[in-house]
Amino acid sequence: MGLEELQEASERLTAAADETDDDEISDRLRAQADALGSLADGERGPDHGRLARHTHALQEIGADGDDDVAAAVEDALEHVRAYRSTVSGV
């Protein structure tokens, strides 16, 4: 379990962005998907602080979106948490 968890989260968020009719939520989902995808493609994974910022942003998006968005965000968050559990430190 490694950076592929972040890639999976990115893919889930992109799919959710494609399925929502709310343009603002879609843009926010895509921004997070792009950011997580970039982190997944990097040589070094993100630290706990960066992951916490993404987690917080995703939780806000989930709260602002409809039930389908909330479910997709929670699914993506599970992948972020799975990756985060492999990060040493805090």
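Residues numbered from 1 in each chain as written. Predicted model: local features only at pLDDT ≥ 70, side-chain atom pairs only at ≥ 80, totals over all residues. Heavy atoms only, no water.

Topic: helix 4 (residues 67–84)
Between its first and last C-alpha, helix 4 extends 25 Å over 18 residues, near the 26 Å set by a 1.5 Å rise per residue. Taken together, the buried positions of helix 4 are occupied by Val-69, Ala-72, Val-73, Ala-76, Leu-77, His-79, Val-80, Ala-82 and Tyr-83. Buried-residue contacts for helix 4 involve helix 1 (3–19), helix 2 (23–41) and helix 3 (48–64). Its side-chain oxygen at 3.1 Å from the backbone nitrogen of Asp-68, Asp-66 defines the N-terminal cap of helix 4. (Helix = DSSP H or I, 4+ residues; strand = E, 2+ residues; numbered from the N terminus. Expected span 1.5 Å × (residues − 1). Buried < 20%, exposed > 50% of the residue type's maximum accessible area, 1.4 Å probe, protein only. Contact = heavy atoms within 4.5 Å. Polar contact = N/O pair within 3.5 Å; in protein donor to acceptor, adjacent residues only side chain to side chain.)

Comments concerning the packing of helix 1 against helix 4
Running from N to C, helix 1 and helix 4 point in directions that differ by 170°, and their axes come no closer than 8 Å. Comparing their axes, helix 4 and helix 1 come out roughly antiparallel. On helix 4, the residues touching Leu-3, Glu-5, Leu-6, Glu-8, Ala-9, Arg-12, Leu-13 and Ala-16 of helix 1 are Ala-72, Val-73, Asp-75, Ala-76, His-79, Val-80, Ala-82 and Tyr-83. (Axes fitted to C-alpha atoms, helices over the stretch in contact; angles between N-to-C directions. Parallel < 35°, antiparallel > 145°, perpendicular 65-115°, else oblique.)

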